[in-house]
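Fold and geometry: a report
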2 protein chains.
Amino acid sequence: MTTEIQPAVPGIRFNGSGEVTVHVWAPEKKKVEVCLENGKSWELSPAEPGCWSVVTDGIRSGDLYRFRLDGKLSPDPASVSQPEGVHGPSQALDLNRFQWSDAGWKNVVLQDYIIYELHTGTFTPEGTFAGIEQKLDYLVELGINAIEIMPVSQFAGGRNWGYDGVFPYAVHDTYGGPEGLQHLVDACHQKGIAVILDVVYNHIGPEGNVLGEYGPYFTDKYHTPWGNAVNVDDEWSDGVREYFIQNALMWFREFHIDALRLDAVHAIKDFSPKHLLAEMKERVDALAAETGSVHYLITEMDLNDTRFISPIEKGGYGMDAQWIDEFHHALRVASGQSKTGYYSDFEPITSLAKSYQDAYVFDGQYSDHRKRKFGIKAEGFPGSSFIVFSQNHDQVGNRMLGERTSELLSWEMQKLLAGAVMVSPFLPMLFMGEEWSEPHPFQYFVSHTDPELAEAVRTGRKKEFAAFHLEGEAPDPMSEDTFNGSRLQWELVNQEPHKSMFEYYKELIALRKSNPALHTPDRSLVRVYADEARQLIW
Amino acid sequence: MTTEIQPAVPGIRFNGSGEVTVHVWAPEKKKVEVCLENGKSWELSPAEPGCWSVVTDGIRSGDLYRFRLDGKLSPDPASVSQPEGVHGPSQALDLNRFQWSDAGWKNVVLQDYIIYELHTGTFTPEGTFAGIEQKLDYLVELGINAIEIMPVSQFAGGRNWGYDGVFPYAVHDTYGGPEGLQHLVDACHQKGIAVILDVVYNHIGPEGNVLGEYGPYFTDKYHTPWGNAVNVDDEWSDGVREYFIQNALMWFREFHIDALRLDAVHAIKDFSPKHLLAEMKERVDALAAETGSVHYLITEMDLNDTRFISPIEKGGYGMDAQWIDEFHHALRVASGQSKTGYYSDFEPITSLAKSYQDAYVFDGQYSDHRKRKFGIKAEGFPGSSFIVFSQNHDQVGNRMLGERTSELLSWEMQKLLAGAVMVSPFLPMLFMGEEWSEPHPFQYFVSHTDPELAEAVRTGRKKEFAAFHLEGEAPDPMSEDTFNGSRLQWELVNQEPHKSMFEYYKELIALRKSNPALHTPDRSLVRVYADEARQLIW
């Protein structure tokens, strides 16, 4: 009557004794083979429902391969390496070859996290993991203890924010591939820096997405802003769930990642009795129990819903923390942002005061922008459940011109915003370069190789901002100039006035670390008073 | 910044002092008027977000009316009476005029419920609420203490199971309208019988549905077997949520209904922090606290998900009980039903034993039929959380020929099935007529007045059962013969062998009531042993 599915790691995995296990989920195929570029191939046998597998000693680390599904060749959806890009073959790599030197590493305690969000491609001139390593001493000096790396899964071309990744298991080739990431994490741990990796489980990018060739990864039961939802509760969803859960486990196990930042989890539509995130949390905890490591799951979501951060035994999904964009929105309106779009719901002072006090600004009230009552009270959740910021990649880059606060606000206001974040009873996050008031924007850029898609993105972006034509033309996301213009200018750190801003951030961070009231904030002791007329909050 | 919505009862409601409150949710309209058939009209003023209202002393109970939305006339989606059918005007009725005589009534304790499901149109020759009243003494003699009435909301024509209702607040005219239902409930309470009303909050029927003219009652974010889902978590969903919550409250408050059976709640797609059902439960509890009455919410659902029946404080939705179709499926396979369709997942003896022991047959195992792992363990929930049956309107009527077990199984097997239900540690439910082994089928019937729709249903039904042509032709759902052939034949109750079956059911029910182990089953003491080879379960 019942068949228990034994979780298996998808893709090609090395067992350390010269053999590999090849495992693939392709529930509606008749014949599945793994084919090396050198001509050798093996037929896979049906395993648990919907899966195929074979064990062989004929595959070496570095070999290029594809699967052949009922005669049609396709790269591996669980490929860990795509050395020739998204349209090329997959590469078998033994992830256990890396020599780790972080045996003494212990993850930073969540409530101590001071996070620095960065984009690998534009953070340094090199645009690589190795480039980031060159900046670790700088980050230590700044005082942060966790970097959050925007998604690194293989995407089309060389320039992308990362949310168009199509091989969730593959580390982008031009960033340095899997070994480059392992090396960076190891180096971070040497310097006392935890690594948060941004991962996207709610959609797959548009170019080079082979998932549909393997099985029903998507369902038309639910729609999301990115099209059909990922299939996590419909027919054949076990394989899809396992695909994403194993992905999370891989980052912790093979890459020593300390925390995952799960992108836009509100778009993961799951009516199963156990939500995908809750199941992921249980599996991650089981891994942690095995390895003795500590791993966090952090969600980005456009929901004020404590179910996500409630413990599993209380009917929650057990996430460790979530972003709260509303703190950002309130803060920006308080600093002069005009009340358009999603800012329209916020009052300069009272909304910010509400967020300091209650985390969520909307916790049950009617929202004009959303045209419904929104949110639920976040009482009883510690400050470490919430991550706040005065800017991030989205809030900067989703503006037509991608201006940072450096270009929008006065010098003093920038400092006030930094202070507002750093004294909050929540976990603070900076966006790369804000600490020296980097003037370069962070604009939306892509490098699709499919000309039709490239044109569609270009046109779509223009259309999105058509109403803003008085403010200028939306930059061309396909242009390399847009990408280059979004790079940090490191030479500024040592020039005034940027140097002073850097020193200011350094002191702010040091203050937060040394002051017990800031360092271990107790939300129940927080009292916030606001006076809209006098523009005061205390 | 925030506007609190004050819940208002939609439609025309009499305040007892000669005035009525007219309230309608129409969020994207510019002008809303209420227009009597006699020519008088009043313009409504904007009330809370999306709503319009007016108070007037110019409307009398019995008056016919429509709303005029930006110039277009339409009946009231919260109409309590449609005396000229779904395409006619609405009728203002003072629901408080009814003289209740059930002041001494106390709802039956849930764990004592012995439920009798009936369809008003085919239960008696009259096909009315008054007809049901004539049978209450009979039902008392049988021993049941709760009737469950299939949906009574206004539908197109005179013949329908009830799931095509389009005015959720209106009691079907040919059944006897609102006062007929009030009279029936009052009479039931006189006889010690609780009344469960079947209500449909997951979709609206196809003919005469005016909801879309008023506002975004539906969303294309989610798909259900009945098309777009009801909009309970998207823009403007507050009005939709309030519409269904107020509907539930009306049945309890103005009709003294004891429990609602919520149809197919798995199709209510709600990602709000508070699920519609949880909010409904809180509001129903608040009403109960006010009136001192006890009200239950029972769900029908195709999910083995304890979140629905868990208390709200544990992250659940607080439902009092749910149907478990899996007990039925296991029981039917155990009695010889061939393992086709959804029966394919079940083993004759072991599945039934599992359901006796664990309620859900699938509580985490892989289901071949559903092509995924299904369900979660139902440990710790009392037997009164689950409602079981050997047949019901769906399981009978969804067969091509609508045969009851009377036509499918031997006399002795029918008795065994009745016993299997009645000794279960769950709440038992009969389907009208099974207690005398009624030979008439219960077939699918409708009476759409829209010829295109009628033809579509006719063709669809034929197509659905095309593969079964060897077993005969699917009956025409539009034919009055199909309806008449589904009526109970009361004359049989006094004829053998039906009389003996009736006596058997009577004794079984009496046994359940008198035997403490059956009457107050403690699931933690239930031990079930099964031997598939010997076809034994004990």
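All of the points below concern the structure found in this document. (Residues numbered from 1 in each chain as written. Chains lettered and ligands numbered in written order. Predicted model: local features only at pLDDT ≥ 70, side-chain atom pairs only at ≥ 80, totals over all residues. Heavy atoms only, no water.)

Turning our attention to helix α6 (residues 237–255) of chain B. Residue and element names in this part refer to chain B. The end-to-end C-alpha distance of α6, which contains 19 residues, comes to 26 Å, matching closely the 27 Å that a straight helix rising 1.5 Å per residue would cover. Maximum bend of α6: about 25°, positioned at L249. In terms of burial, α6 is largely enclosed, as 18 of its 19 residues are buried. H256 lies just past α6 and shows a positive phi near 60°. (Helix = DSSP H or I, 4+ residues; strand = E, 2+ residues; numbered from the N terminus. Expected span 1.5 Å × (residues − 1). Bend = angle between axes of the 7 residues up to and from the residue. Buried < 20%, exposed > 50% of the residue type's maximum accessible area, 1.4 Å probe, protein only.)

Below, the discussion takes up the sheet that holds strand β11 (residues 146–149) of chain A. Residues and elements named next belong to chain A. What the eight strands build is a closed barrel, ordered β10-β11-β14-β17-β18-β19-β22-β23; its pairing is parallel. For this sheet, the mean angle separating the axes of adjacent strands, direction not counted, is 30°. As defined by bridge partners, strand β17 (residues 259–262) adjoins strand β18 (residues 296–299) across four bridges and the pair is classed as parallel. Paired with A259 across the bridge in β18 is Y296. (Pairing = 2+ DSSP bridges. Axes fitted to C-alpha atoms, helices over the stretch in contact; angles between N-to-C directions.)

Residue and element names in this part refer to chain A. Mapped onto the elements of the fold, L331 is located in helix α8 (residues 325–334). Along the primary structure L331 and S390 are separated by 59 residues, whereas in three dimensions their C-alpha atoms are 6.9 Å apart. Once you skip the residues sitting within four places of it in the chain, L331 turns out to touch L352, F389, S390, L417, A420 and V421. (Contact = heavy atoms within 4.5 Å.)

Here chain A sits on chain B after a turn of 180° about the axis and a move of 0.0 Å along it, with an RMSD of 0.0 Å. Within this description, the copies of the chain are treated as partners about a two-fold rotation axis. (Least-squares fit on C-alpha atoms with pLDDT ≥ 70 in both.)

This paragraph deals with the pattern of salt bridges. Residues and elements named next belong to chain A. Counted according to the given criterion, the structure contains 59 salt bridges over all chains. A salt bridge links E503 to K499; the nearest nitrogen and oxygen atoms lie 4.0 Å apart. Linking E503 with K499, this pair stays in helix α15 (residues 498–514), spanning four residues, or about one helical turn. Assessed through its relative accessible area of 28%, E503 is described here as partly exposed. (Salt bridge = Lys/Arg side-chain N within 4 Å of Asp/Glu carboxyl O.)

Because an α-helix completes one turn every 3.6 residues, residues spaced three or four positions apart along the sequence face the same direction. Residues and elements named next belong to chain A. In this model helix α13 (residues 451–464) runs 20 Å from its N-terminal to its C-terminal C-alpha over 14 residues, within 8% of the 20 Å that 1.5 Å per residue would give. Buried within α13 we find L453, A454, V457 and R461. With its buried residues spanning 105° around the axis, α13 presents them on a single face. Opposite the buried face of α13, at more than 90 degrees from it, the exposed residues are P451, E452 and K463. Taken together, the buried residues of α13 touch α10 (393–397). Capping the start of α13 is the job of one residue whose side-chain oxygen sits 3.0 Å from the backbone nitrogen of E452: D450. (Arc of directions from axis to C-beta. Polar contact = N/O pair within 3.5 Å; in protein donor to acceptor, adjacent residues only side chain to side chain.)

What follows is about the packing of aromatic side chains. Residues and elements named next belong to chain B. Enumeration according to the criterion identifies 70 aromatic pairs over all chains in this entry. For the ring pair W161 and Y444, a centre distance of 5.4 Å and an interplane angle of 80° mean the geometry is edge-to-face. Of this pair, W161 sits in the loop between β12 (153–154) and β13 (167–171) while Y444 sits in the loop between β23 (427–431) and α13 (451–464); the two residues are 283 residues apart in sequence, bridging distant segments of the chain. Note on F386 and F426: the rings are 5.7 Å apart at their centroids and 80° apart in plane angle, and the pair reads as edge-to-face. (Phe/Tyr/Trp six-rings, centres within 6.5 Å; stacked < 30°, edge-to-face > 60°.)

It is worth spelling out the sheet that holds strand β1 (residues 11–14) of chain A at this point. Here we have four strands laid out as an open sheet, ordered β1-β2-β6-β5 (chain A), and antiparallel in their pairing. Only two strands of the sheet have a single partner each, and these edge strands are β1 and β5 (45–46) of chain A.

A few words now on the pairing of strand β1 (residues 11–14) of chain B. Residues and elements named next belong to chain B. Summarising the sheet, β1 and strand β2 (residues 20–25) pair through four bridges and their orientation is antiparallel. Looking at the pairing, R13 lines up with T21 of β2. Here β1 folds back onto β2, and the loop between the two strands holds five residues, one of which, G16, carries a positive phi near 90°.

Right, let's talk about the nonpolar core for a bit. Core analysis: the biggest nonpolar cluster contains 144 residues, and Y116(A), I147(A), W251(A) and L260(A) have the highest contact counts within it. In contact with I147(A), not counting residues within four places along its chain, are Y116(A), L118(A), I132(A), L139(A), C188(A), I193(A), A194(A), V195(A) and I196(A). Core analysis: the next-biggest nonpolar cluster, separate from the first, contains 143 residues, W42(B), V152(B), F362(B) and F502(B) among them. (Core = buried A, V, L, I, M, F, W, Y, C linked by side-chain atoms within 4.5 Å.)

Take the side chain of T124(A) next. Within the secondary structure, T124(A) sits in the loop between α1 (120–123) and α2 (129–134). Ignoring sequence-local partners within four residues, the contact set of T124(A) consists of G131(A), I132(A), K135(A), R487(A) and W490(A).

Before going further, it helps to spend a moment on a nonpolar patch on the surface. All names here are of chain A. The grouping of Y529, L536 and W538 at the surface amounts to a nonpolar patch, some 340 Å² of accessible area in total. By secondary structure assignment, the location of Y529 is in the loop between α16 (516–519) and β24 (530–531). Given the relative accessible area of 44%, Y529 is considered partly exposed. (Patch = residues over 30% accessible without salt bridge, like charges linked within 9 Å, V, L, I, M, F, W, Y side chains within 5 Å. Areas by Shrake-Rupley, 256 points an atom, 1.4 Å probe, with all protein chains shown as cover.)

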